[in-house]
Amino acid sequence: MTQAIHDAVDDYLNKGLGGLWHPVCKSVQVKANKPFARLIAGERLVLWRDTKGKVHCVEDYCPHRGAKLSLGEVHEDNLACRYHGVTVDGTGTIVRVPAMPECALEGRRPLTSYAAEEAGDAVFIYLPSADQPEPTPFNPPEELINGEWEVFCCMTQWDCSYRLSLDNGADPMHASYLHADSFTLAYGSKQDTMKLTKTGDGFIIERVSQQGVNFDYSHIVGNGDMMFMRLDIPYPDGAGPGGPFRIIGFATPIDRDTHHSFFWRCRKVSGLAADSWRFLYRAFLEDRHWHVLEQDRVMLESIPVDARKREMLYQHDSGVSQLRRMMVRKAKAHLEASEQMAHRETG
Ligand code: FES
Ligand SMILES: [Fe+2]
């Protein structure tokens with residue numbers, strides 16, 4: 001890779017990888033009758049619910065003179081700008097210019113719209129890429145939709161690149177050190193080697209000589225249109241019913257220096273066991289989990305943005321390296337497609 005391509009790929013990845021469905025907020029944040037603003041991968045977006053409760057998402061930009069649509073009002077299924085009332089629908093089409101009868105702007109579609117779906121109490125949007133500009137079918141992690149898991153959606157904002165959060169998920173070994181004082185992650189040995197196994201949807205990075213004790217493996221999914229981590233934390237008997245505590249983690253870019261970390265805390269329980277798990281989680285475990293996440297946040301926010309240029313990786317970082325290769329491959333494909341598009345446009 002030439003230095004120029006390397007820099008272009010890095011720049012694009014820092015802004016936010018497209019061609020993916022990203023969770024952008026909790027479902028409860030998009031209320032009926034009220035637009036909700038979000039910055040995602042450097043793009044200002046606005047979300048709202050129509051009369052049936054379906055979420056829509058377009059650029060947060062009024063096509064008339066550029067005011068933020070998120071300052072406006074929801075009118076039935078559409079969103080009206082507060083400034084002069086110009087109204088757009090969920091496809092980014094102007095449906096009404098109330099101040100001017102039969103205005104020629106009506107029917108034009110000047111705004112980019114984003115496909116929006118909900119799963120696991122969160123809203124996801126499809127962030128397009130040059131090679132896949134149209135949204136792909138929405139297939140979230142099965143734990144969020146198959147009804148067999150009780151899931152809690154947790155979302156937080158961290159002041160570091162989403163790339164650092166993804167690296168963190170591909171690095172199970174950090175748990176034995178960073179989280180050594182925690183309720184669930186205090187067990188096991190502090191030395192090991194790591195094994196990497198490719199899967200159809202990504203790869204698994206796991207400890208060679210320890211399984212089922214601590215955060216001993218991470219499944220990184222990222223070959224398709226979702227990029228997330230799946231990991232299990234074995235639970236001591238005192239932590240209630242169900243098997244291991246599963247975490248599904250996403251990192252959604254806000255801008256180069258900030259991201260939303262999404263974690264679904266999942267347990268495979270149903271009926272009465274599900275009730276007792278929910279109670280236990282709310283009453284005792286939730287605070288401990290935030291404490292563990294806080295340790296990750298402090299560590300990741302301490303890493304300089306350009307640390308990648310002088311880091312010294314060793315065998316345990318094979319998951320981090322594989323994840324980065326996966327992301328670079330995608331980024332190169334997106335940049336090549338956008339270059340080809342630019343060529344076609346200039347003839
Ligand atoms: S700027 Fe939005 S209607 Fe004029
Ligand atoms: Fe961690």
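It should be emphasised that the depicted structure is a prediction, and the values quoted were computed from it without experimental measurement. (Residues numbered from 1 in each chain as written. Chains lettered and ligands numbered in written order. Predicted model: local features only at pLDDT ≥ 70, side-chain atom pairs only at ≥ 80, totals over all residues. Heavy atoms only, no water.)

(A) Region of interest: the overall build of the chain. A tally of regular secondary structure across the chain gives five helices and 18 strands. The globule rule puts the C-alpha radius of gyration for 347 residues at 20 Å, and the 22 Å found for the chain is close to it. Along the longest, intermediate and shortest principal axes, the C-alpha atoms of the chain span 75 × 55 × 35 Å. Residue pairs in contact within the chain that sit at least 24 positions apart in sequence constitute 58% of those at least 6 positions apart. (Helix = DSSP H or I, 4+ residues; strand = E, 2+ residues; numbered from the N terminus. Rg over C-alpha atoms; globule rule 2.2 N^0.38 Å. Contact = heavy atoms within 4.5 Å.)

(B) Expanded view of the coordination of the iron ion (ligand 2). For the iron ion (ligand 2), every protein donor is listed as H174 (NE2), H179 (NE2), D296 (OD) and D296 (OD), and the spread of their distances is 2.1 to 2.5 Å. Bound by four donor atoms, the iron ion (ligand 2) shows angles of 55 to 149° at the metal and therefore irregular coordination geometry. Between consecutive donor residues of the iron ion (ligand 2), the sequence gaps follow H-x4-H-x116-D. Taken together, the positions of H179 in the loop between helix 3 (175-178) and strand 13 (194-199) and D296 in helix 4 (residues 271-301) put the pair 117 residues apart, joining distant regions of the chain. (Donors = N, O, S within 2.8 Å, 3.2 Å for Na, K, Ca; no water. Tetrahedral: all angles 85-135°; square planar, octahedral: opposite > 155°, others 65-115°.)

(C) Expanded view of helix 5 (residues 318-345). Compared with an ideal rise of 1.5 Å per residue, which puts 28 residues at 40 Å, helix 5 spans 41 Å between its outermost C-alpha atoms and is within 8% of the ideal. Looking at the packing, one finds that the buried side of helix 5 touches helix 1 (3-15), strand 1 (20-26), helix 2 (162-169), strand 13, strand 14 (202-207) and strand 15 (217-221). (Expected span 1.5 Å × (residues − 1).)

(D) Seen up close, the sheet that holds strand 8 (residues 94-96). The four strands are arranged 5-6-7-8 in an open sheet whose pairing can be described as antiparallel. Strands with a single pairing partner mark the edges of an open sheet, and in this sheet they are strand 5 (73-75) and strand 8. Relative to strand 7 (residues 87-88), strand 6 (residues 78-80) runs antiparallel, the two being bridged by two bridges. Following the sheet pairing, L79 is matched in strand 7 by V88. (Pairing = 2+ DSSP bridges.)

(E) The domain arrangement of the chain, seen in detail. On domain assignment, one finds that the chain holds domain 1 (26-127) and domain 2 (142-328). With twelve residues of domain 1 in contact, the opposing surface of domain 2 contributes 14 residues. Carbon and sulfur atoms make up 69% of the area that domain 1 and domain 2 hide from each other, which totals about 1100 Å². When the area that domain 1 buries against domain 2 is broken down by residue, the three leading residues are K26, G120 and F124, summing to 40%. Taken together, the links from domain 1 to domain 2 amount to zero salt bridges. Here domain 1 is connected to domain 2 by five residue pairs in polar contact (both at pLDDT 80 or more). Those elements giving two or more residues to the side of domain 1 that touches domain 2 turn out to be strand 2 (36-40) and strand 11 (122-127). When residues in the side of domain 1 that touches domain 2 are grouped by element, the largest group, three residues, is from strand 2. (Domains from an automatic or database assignment. Buried area = accessible area lost by both parts, 1.4 Å probe. Salt bridge = Lys/Arg side-chain N within 4 Å of Asp/Glu carboxyl O. Polar contact = N/O pair within 3.5 Å; in protein donor to acceptor, adjacent residues only side chain to side chain.)

(F) Up close: the sheet that holds strand 9 (residues 113-114). The antiparallel open sheet is built from four strands, whose spatial order is 2-3-4-9. The sheet terminates laterally at strand 2 and strand 9, the two strands that pair on one side only. Of the strand pairs in this sheet, strand 4 (residues 55-59) and strand 9 are connected by two bridges, and their pairing is antiparallel. Paired with C57 across the strands is Y114, a residue of strand 9.

(G) Examining the environment of N78 more closely. You can see N78 is positioned in strand 6. Discounting chain neighbours no more than four positions away, the residues touching N78 are W48, E73, T87, V88, D89 and V95.

(H) Inspection of the nonpolar core at higher detail. Within the largest apolar cluster, 21 residues are counted, with the highest numbers of intra-cluster contacts made by I233 and W277. Every element with two or more residues in this core is listed here: strand 12 (150-158), strand 16 (228-233), strand 17 (245-255) and helix 4. Sorting elements by how many residues they give to this core places helix 4 first, with seven residues. With 20 residues, the next largest nonpolar core counts V9, L166, M173 and M194 among its residues. (Core = buried A, V, L, I, M, F, W, Y, C linked by side-chain atoms within 4.5 Å. Buried < 20%, exposed > 50% of the residue type's maximum accessible area, 1.4 Å probe, protein only.)

(I) Main features of the packing of helix 2 against helix 5. Across the interface, helix 2 lies against helix 5 with an axial gap of 8 Å and an inter-helix angle of 135°. Comparing their axes, helix 5 and helix 2 come out oblique. Crossing angle aside, the handedness with which helix 2 passes helix 5 is right-handed. Every residue of helix 5 that contacts helix 2 at Y162, R163, L166 and D167 is listed here: V320, L323, R324 and M327. Here the residues of the contact of helix 2 with helix 5 are counted per class, giving five nonpolar, no polar and three charged. (Axes fitted to C-alpha atoms, helices over the stretch in contact; angles between N-to-C directions. Parallel < 35°, antiparallel > 145°, perpendicular 65-115°, else oblique. Left-handed = near helix turned anticlockwise from the far one by under 90°. Nonpolar A, V, L, I, M, F, W, Y, C, P; charged D, E, K, R; others polar.)

(J) Highlighting the side chain of H260. Relative to the helices and strands, H260 is located in strand 18 (residues 258-267). Accessibility expressed as a relative area gives 4% for H260, which makes it buried. Residues in contact with H260, not counting those within four places in the same chain, are V24, R38, I40, T156, Q157, F250, A251, T252 and I254.

(K) How the structure looks around the pattern of salt bridges. Here the structure, examined in full by the defined rule, presents 17 salt bridges. Here R278 ties to E150 by a salt bridge, and the two come within 2.3 Å at their closest N and O atoms. Here E150 lies in strand 12 and R278 lies in helix 4, a separation of 128 residues in the sequence. Under the relative-accessibility criterion, R278 is labelled partly exposed at 32%. A salt bridge links D192 to R207; the shortest N-O distance between them is 3.0 Å. Residue D192 is located in the loop between helix 3 and strand 13, and its partner R207 is located in strand 14; the two are separated by 15 residues in the primary sequence. Both residues of the pair, D192 and R207, belong to the buried class.

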